[in-house]
Amino acid sequence: MAQAIASILPFAVGIMVSPIPIVAVILMLFTKRATVNGPAFLVGWVVGLSVLATVGYLAASALGWGDGSSQSATEVQWWRVGLGVVLLVLAFRKWRKIREPEHTDEMPGWMTGIDELTPVKAFGLAVALSSVNPKNLVLGLGAMTSLATLGAPTDEAVVGIVAFVVVASLSVAAAVLYRLLGGAKAESSLQSAQAWLKTHNDAVMAVLLLVFGVVLVAKGLGG
């Protein structure tokens, strides 16, 4: 069981510290529907990650990547290398953006409409951010590949999937709970965190993409 959790932990942490969802949920927590939209966003985030993890694990298992054969081991190696290369390409694009003379960190345009979101749309946004955006998709598939290759029993695999979702959701959950329970102090702290993440979004993302791209390529080549 410990091995199952260890296999997914680095990838879950990579999703947990991603700036975009944290900024999005903080913005949502200062709207007129904060007490409803915040929890709705958190539930959507958990649902999206759960679907991503379950589908990723079932797909890896269906491909026989946990059978211990040399053929499946080779397939897993190249799959990891491919995922790592995707992250490295994304990191390079972020780095080039940062190097532009007039570079400024800009949040995605859809964030301007967060004030008007209904709870259903907040839920849907969280599902999309957690499961469809490229970084989370690659990290989620990387985590589930690592879990599937263990060939662990079903109960251990379930523990691994649950651990992945819980760890990857900690930052969003902490922001929601802190805002709803922390009073005026929470408001000030979250606004400061939001300002910092907005200012350093591209740099943080570039480092995360680079680190996890290298990790996946190294795991693939080292396998």
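All residue numbers refer to positions counted from 1 along the written sequence of the respective chain. Per-residue local features of the predicted model are confined to residues with pLDDT of at least 70, and side-chain atom pairs are confined, for both listing and counting, to 80 or more; whole-chain, interface and lining totals are unaffected and use all residues. The side-chain quantities take in all heavy atoms of the structure and omit both hydrogens and water.

Trainee: Can you walk me through the overall build of the protein chain in this structure?
Mentor: Numbered from the N terminus, helices here are DSSP runs of H or I no shorter than four residues, and strands are runs of E no shorter than two. When helices and strands are tallied, the protein chain shows nine helices and zero strands. Each helix and strand of the protein chain, placed in order from N terminus to C terminus, yields the pattern α-α-α-α-α-α-α-α-α. Computed over the C-alpha atoms, the radius of gyration of the protein chain is 18 Å, within 12% of the 17 Å expected from 2.2 N^0.38 for a compact globule of 223 residues. C-alpha atoms of the protein chain, sized along the principal axes, occupy 55 × 45 × 25 Å. Residue burial is assigned from relative accessible area. The probe radius is 1.4 Å, only protein chains are included, and a residue is buried under 20% of its type maximum, exposed over 50%, and partly exposed in between. Counting every position in the protein chain, which comprises 223 residues, the buried fraction comes to 44%. Taking contacts inside the protein chain between residues at least 6 apart in sequence as the whole, the part at least 24 apart equals 87%. Surface accessibility of the protein chain: about 10,800 Å² in total, with carbon and sulfur atoms responsible for 68%. Charged residues are defined narrowly, with Lys and Arg counted positive, Asp and Glu counted negative, and His plus the chain ends left uncounted. Every charge is mapped to an atom, namely NZ of Lys, CZ of Arg, CG of Asp or CD of Glu. With 14 positive and 12 negative side-chain charges, the protein chain shows a separation of 4 Å between the mean positions of the two kinds. Within these notes, the globule rule equals 2.2 Å times the number of residues to the 0.38 power, and the radius of gyration is based on C-alpha atoms. Contact criterion: two residues are considered in contact whenever any of their non-hydrogen atoms come within 4.5 Å of each other. Working definition of accessibility: Shrake-Rupley area with a 1.4 Å probe, residue cover restricted to the visible protein chains.

Trainee: Got a minute to help me understand the pattern of salt bridges in this structure?
Mentor: For side chains of opposite charge, pairing can occur when their charged atoms come near one another. The term salt bridge refers to a side-chain nitrogen of Lys or Arg lying within 4 Å of a carboxyl oxygen of Asp or Glu. A complete count under the given rule lists two salt bridges for this structure. For Lys94, the salt bridge identified is with Asp202, shortest N-O distance 3.1 Å. Residue Lys94 is found in helix α4 (residues 70-99), and its partner Asp202 is found in helix α9 (residues 183-222); the two are separated by 108 residues along the sequence. Here Asp202 falls in the buried class, since its relative accessible area comes to 0%. Lys97 is the salt-bridge partner of Asp202, the closest N and O atoms lying 3.6 Å from each other. With Asp202 in helix α9 and Lys97 in helix α4, the pair connects residues that are 105 residues apart, well separated along the chain. Of the residues examined, Lys97 reaches a relative accessible area of 29% and is grouped as partly exposed. Each of the salt bridges in this network shares a partner with another, and the network as a whole consists of Lys94, Lys97 and Asp202.

Trainee: Sorry, what's going on with the side chain of Asn37 here?
Mentor: Within the secondary structure, Asn37 sits in helix α3 (residues 34-62). We classify Asn37 as buried; its relative accessible area is 0%. A distance of 2.9 Å separates a polar atom in the side chain of Asn37 from the backbone oxygen of Leu117. The contacts of Asn37, once residues within four sequence positions are left out, are Met28, Thr31, Leu117, Thr118, Pro119 and Ala122. Any pair of N or O atoms that falls within 3.5 Å is considered a polar contact. Within protein, one atom must be able to donate a hydrogen and the other to accept it, and sequence-neighbouring residues count only if both atoms are side-chain atoms.

Trainee: Teacher, can you tell me more about the environment of Pro39 here?
Mentor: Its location among the elements puts Pro39 in helix α3. Pro39 gets classed as partly exposed once you look at its relative accessible area, which sits at 29%. For Pro39 and Leu117, which are 78 residues apart along the polypeptide, the C-alpha to C-alpha distance reads 13 Å.

Trainee: Help me understand the environment of Ser189 in this model?
Mentor: The residue Ser189 is located in helix α9 in this model. The partly exposed category is assigned to Ser189, whose relative accessible area is 32%. Expressed as a C-alpha distance, the spacing of Ser189 and Trp95, which sit 94 residues apart in the sequence, is 29 Å.

Trainee: Could you clarify how one ought to interpret the confidence of the model for the protein chain in this entry?
Mentor: A low pLDDT means the predicted coordinates there should not be read in detail. Per-residue confidence from the predictor is reported as pLDDT, a score between 0 and 100. Confidence along the protein chain averages 86 in pLDDT terms, with 95% of residues attaining 70 or more. When mean pLDDT is taken per element in the protein chain, helix α7 (residues 154-168) scores highest with 94 and α9 scores lowest with 83.

Trainee: Please clarify how the nonpolar core should be interpreted in this entry.
Mentor: The nonpolar side chains of a soluble globular protein tend to be buried with one another. Note on terminology: a nonpolar core comprises buried Ala, Val, Leu, Ile, Met, Phe, Trp, Tyr and Cys residues joined through side-chain atoms within 4.5 Å. If you look at the biggest cluster of nonpolar residues, it comprises 59 residues, and the most contacted ones within it are Val25, Phe41, Trp45, Leu87, Met144 and Phe164. Not counting chain neighbours up to four residues away, the residues in contact with Val25 comprise Phe41, Val172, Ala175 and Val176.

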